[in-house]
Each structure stands twice: as C-alpha cells, then as structure tokens.
Amino acid sequence: MKKSPSPLPQKNLFDDYYYSMVPQDHPLMDIDRLVDFSFITEVVADCYTGYGRPPLEPEMMLRLCFLKDYTRLSDEELILECWFNFLYRRFVGLEGNQPPPDPSSMSVCRTRWGPERMQECVDRVTQSAVEMGLLKQGRAHVDATGIMADVALRTLRRVVLDGLAFGLKTLEKLGLAELGAPLELEYEALAADSMYWETPERRDAHVLACWQLLVRLADVYDGLMERDDWTGEQEDLVLDGAVMIAEVLERRAPRRKSERRDLLVSVHDPDARYSNREKHKKIFAGFKQHIIQDDESQIITRAIVTPANVDDGTQLQALVEQHVDVVGAPPESLAGDSKYFTSDNLDFLDRECIEGFLAVPRAKGEKQGMFGPADFLYDEDNDCVMCPAGEIAEAGKWDEKAQGYTYYFRKKQCEGCPLRERCSKSKQGRTVFISARRDILLAARALKDDPEHLAAQLQRLRIERIFSLQKRCFGLGRTRYRGLSRVTFGVQSIVFVTNVTNLVKLMRAEEAAGREVRRLCSRAA
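Rules used in this analysis
Residues numbered from 1 in each chain as written. Predicted model: local features only at pLDDT ≥ 70, side-chain atom pairs only at ≥ 80, totals over all residues. Heavy atoms only, no water. Helix = DSSP H or I, 4+ residues; strand = E, 2+ residues; numbered from the N terminus. Buried < 20%, exposed > 50% of the residue type's maximum accessible area, 1.4 Å probe, protein only. Contact = heavy atoms within 4.5 Å. Areas by Shrake-Rupley, 256 points an atom, 1.4 Å probe, with all protein chains shown as cover. Polar contact = N/O pair within 3.5 Å; in protein donor to acceptor, adjacent residues only side chain to side chain. Patch = residues over 30% accessible without salt bridge, like charges linked within 9 Å, V, L, I, M, F, W, Y side chains within 5 Å. Salt bridge = Lys/Arg side-chain N within 4 Å of Asp/Glu carboxyl O. Phe/Tyr/Trp six-rings, centres within 6.5 Å; stacked < 30°, edge-to-face > 60°. Pairing = 2+ DSSP bridges. Axes fitted to C-alpha atoms, helices over the stretch in contact; angles between N-to-C directions. Parallel < 35°, antiparallel > 145°, perpendicular 65-115°, else oblique. Nonpolar A, V, L, I, M, F, W, Y, C, P; charged D, E, K, R; others polar.

Caption draft 1: Fine view of the overall build of the chain. A tally of regular secondary structure across the chain gives 18 helices and 12 strands. Each principal axis of the C-alpha distribution contributes one length, and for the chain these read about 120 × 75 × 45 Å. Evaluated residue by residue, the chain yields a buried proportion of 45% over its 525 residues. In the chain, of all internal contacts separated by at least 6 residues, the share reaching a separation of at least 24 is 67%. Element-wise, carbon and sulfur atoms account for 52% of the exposed surface of the chain, whose accessible area totals about 29200 Å².

Caption draft 2: Focus on the side chain of Lys288. Tracing the sequence through the fold places Lys288 in strand 3 (residues 285–294). At 2.8 Å, the side chain of Lys288 forms a polar contact with the side chain of Asp312. Sequence-distant contacts of Lys288, defined by excluding residues within four places in its chain, comprise Thr145, Gly146, Ile147, Glu278, Ile304, Val305, Thr306, Pro307, Ala308, Val310 and Asp312.

Caption draft 3: A nonpolar patch on the surface, seen in detail. On the surface, Leu80, Trp83 and Phe84 cluster together into a nonpolar patch covering about 370 Å² of accessible area. Relative to the elements of secondary structure, Trp83 occurs in helix 5 (residues 75–84).

Caption draft 4: Summary view of the packing of aromatic side chains. Going through the model one piece at a time under the given rule, you end up with 10 aromatic pairs. Look at Phe37 and Phe66: their rings are 5.9 Å apart centre to centre, the planes differ by 75 degrees, and that puts the pair in the edge-to-face class. Of this pair, Phe37 sits in the loop between helix 2 (27–34) and helix 3 (40–43) while Phe66 sits in helix 4 (residues 58–71), and the two are 29 residues apart along the sequence. A relative accessible area of 1% means that Phe66 is categorised as buried. For the pair Tyr378 and Tyr407, a centre-to-centre distance of 6.0 Å together with 65 degrees between the ring planes defines the contact as edge-to-face. Residue Tyr378 is located in strand 7 (residues 377–379), and its partner Tyr407 is located in strand 11 (residues 404–408); the two are separated by 29 residues in the primary sequence. Since its relative accessible area comes to 26%, Tyr378 is described here as partly exposed. Following the ring pairs from residue to residue traces out a cluster consisting of Phe37, Phe66, Tyr70, Phe91, Phe474 and Phe496.

Caption draft 5: Broad picture of the environment of Glu464. Examined against the element boundaries, Glu464 turns out to sit in helix 17 (residues 463–474). Expressed as a C-alpha distance, the spacing of Glu464 and Asp344, which sit 120 residues apart in the sequence, is 25 Å.

Caption draft 6: Quick peek at the sheet that holds strand 7. Spatial strand order, 7-8-9: three strands in an open sheet with antiparallel pairing. Among the strands making up the open sheet, the edge pair consists of strand 7 and strand 9 (392–394). On average, each strand axis in the sheet is tilted by 20 degrees relative to the strand beside it, whichever way the strands run.

Caption draft 7: Seen up close, the packing of helix 17 against helix 18 (residues 484–512). Orientation of helix 17 relative to helix 18, taken along the N-to-C sense of each, is 110 degrees, at an axis distance of 11 Å. In terms of orientation, helix 17 and helix 18 fall into the roughly perpendicular class. On helix 18, the residues that touch Ile466, Leu469, Gln470 and Phe474 of helix 17 are Ile494, Val495, Val497, Thr498, Thr501 and Asn502. The residue makeup of the contact of helix 17 with helix 18, split by class, is six nonpolar, four polar and no charged.

Below is the structure:
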C-alpha cells in the first residue's frame, strides 16, 4: 500500500491573530526589523561543546538580555512578561504556544558567555555601523561615570563581622568546622551584642574584641596556607578566605594625609571601591564606566569598567587604542575634561597625531590671583627656577613618582617680598614643582582660550546625554550584579542596548530620507 506524503508542518493558528495586535511602529519592532541578532551564534559557538541536551537558541537569549536592560526588568519579571506580553514574545521570537525559558537560564547564560562575548557583540555593532557609513570617525569624546555597587554600606564593625562570617563559612566548606568552632562561639556573642554602643568605653572594647577575633582567624588561615596537601578546589577556598580577611584587616590601619587607599567596601562585593574625593561630588561605593564615543553618531566605540577609585585620566590611552582596534583608525581629534589633562596623555595624543581638546585645569590659587608654576621661569641647563620677584632657587630634587623636579625657595628669600601675598601663605619659603614635560603642558595651556578649543569643550558636553540615557532608561546608575566580571557584563550589555537604540534612530532617519538601509550586523555587504 502506497504511503501518503508527510504533511507539511502547520503554523500555529493563533500566531497571526495575536501578533497582528502588536503595534508595528513600536521601537522594539523597528529594532527587530533593522537589526540582525543572528551573529551571536558565531560569537558564542565556543561556549557550547555539542554534547548533552541542545542549548537554548543563542539569538533568543541575546534578545532576552537586550530586553532585560531595555525594560529594566529582573530576570523573573521579564520571563513572567514573556508569558502573556505579545510584544515581548514577538521580539524574542516565541511562537504562540511556546513557553519562555526558565529565569535561571538567563543567569547561566551570562556566566557562560562572560563579559568578553558581550564585548564582542558591542564590537560587531560598531563595525557594522562603520561599514554602513553611520560612524564617521571624526571627533571622539572620552569621559567616565560612576556606578553604585549592589551592596549596603556597612559600619566598620559590621564589615569586620562580615569578614569573620566569611572566614568561618569557608572553614565549613573545607570540612574544618571544628577548627573554627571556638571562634564561632565568640563571633555569635559579638554579633548578638546589640547594646555595645551604650557607652564609648563599651563600644571601643567591643570593636577591639572584633578586631582581635579577626586576627586570630587570620592566624588560622596562615597555618592552612602552609599546608601542601590541598586539592585545587580546596586551595582556591583557602586563598579566597585568606585574601578576604587580609583585605578587611587593611581597614584597621590609620590613613595618612593625602594617601589614596585601596580599601574593601563590602565582603559581599570585594571588587567595589569608594570613589576618590572630588570637588562638588559625593563619594560613592562601586565602579566606573569609562567610554570613548563618536561625536556625530553618539555611538560608544569602547567601554572599560574599573573600581570607582581608578582615576579617569589613566584610561585615556587604553580607550583610544581599543577604539583603533574596533574601528580601524584613530579619531581625528579627541575632547575630554580636565581629569585627562596630564603630560602622559598629551604626549600620547601627540605621538598618535590626534588633535587634543582637553580641558585645562586651574592651577592651585589661580582663581584667587595666586602665582602658579607657569609664572616661574625655568632654566633647565642651569637647573634653577626664577620667581616673579627675581629670586632664584637651584638644584631641584627629582620626584620619581611625579616625574619632575621640586625647587625650594629659602625663608630668607621670601621674607619682605612685595609679591608674597600672591605667591605663598606658608611661613617657610615657596616650593615649586616643575614637570619633566613642562613644555608640553605649557603649550596645551596656551590654547585654552582658543575659540576652537572652547567650541570643542561645549560640544563635549553631549556625552552627558549618553550617561543620562543609560542611567535614566537602562538602569546604569546602580548595578544589578556583584564582582567586577559580572558588573562588566552588565555594563557591556547596557552599552549594546544604547548603541543599537541610537543606531536604529539613525537608520530610520536614513529611510525617511529615501535611502536604502540594510539590516545592522547582517552579512550582506
């Protein structure tokens, strides 16, 4: 008997009906139409072995990651919406009767892909924009913004107790609970003491007892570190516990004047740091996003995530170099605020033939009419400095850290000077620092009132719009994750959403002008 041919797969009868109710002019539908997300399959191919159950479609997972930041929903909230929100189901690519994945799949996906794959997604979008002529590679801007950590800011006592809890729990994981049992009894008594603050004497004694208990726990870990019979996993646990306790103990040391310390903020996010003290800015605990952005298209070509205590100026060279790796050419000019005005950065821009428009910081006392280092005449050949009153200081002392010479004027030279009020309020003589790259700094300062330089500084303020968009719409202000690697993934994901959103607006403008536009990230030339 002849078999009848197999029936063709039928499309779900409800798909067309329900998806017809999705507004086609919604921004998500424009993104779905103009962006090809299928490139992710190639990017994450090495994350899957080919054994076991087939993984969830990488394109669907990338769309879910995009939608998570676009809507500012949690994993659970987003998956719940994907059960009944037809717009989200249509964007993700779910059929009418297909259930969305479990929320835990998104966490597994982020861990498996890592920040490197999400960075590759950002690079693919940027390179596609260059190919389509949407990124002009003219002037670029650099800047940084703060990201608050997902931790509660604890008192010093609470940080010490958290360090104790972490160390004792690690001993349990190692199967050495009996080793920490006596310490745990003391820890529980200290943690349960809610009246330690009644008197200053009792408070000081309580905090001292916490420190002493942590030191004893550190001694236990010192003994464990000397053993050589650990497995690889056990060795990692011992090292993590010892490092965490050592970082907590660093907070006990008194702070020296003008010293920048790299101190632990919370045991729950050991990579977060307090920001450096800046005028007119509040100190926060967390991380920083450093970006380089194309001026005309407003596209972020590279983003770097660091702890909050890293200076902005130290990241300029890395940002420019990575911009070149992605785009293929350096920007013609670069604008940045005064934090980037350093001799290293100016020298780097000069070597790379990039015109720099970096804001010139005010010299100390300049606003009050005080003399700065630029007002002193420097004679490199004779190793001396002449002040505005004609006095000379000789034999400068080399400062290896600051890369320059410090010259000291004697007290007798400054006494009775008619210009003393504008020079120094010190009872001793004036001190002047001369940078080894003084010529570069003076040449850059001479251009601060140039009309083109002033116009570039005004134009640079456009980068604040990107930070505002990221924080107001995509949740960059406070991270959802803990640990530098996971925070970096979250930031790169937000950069991906930001760039795609801005590029789709540019592509729609091209369509409105009657020009043909191909899909972003598509393989077509």
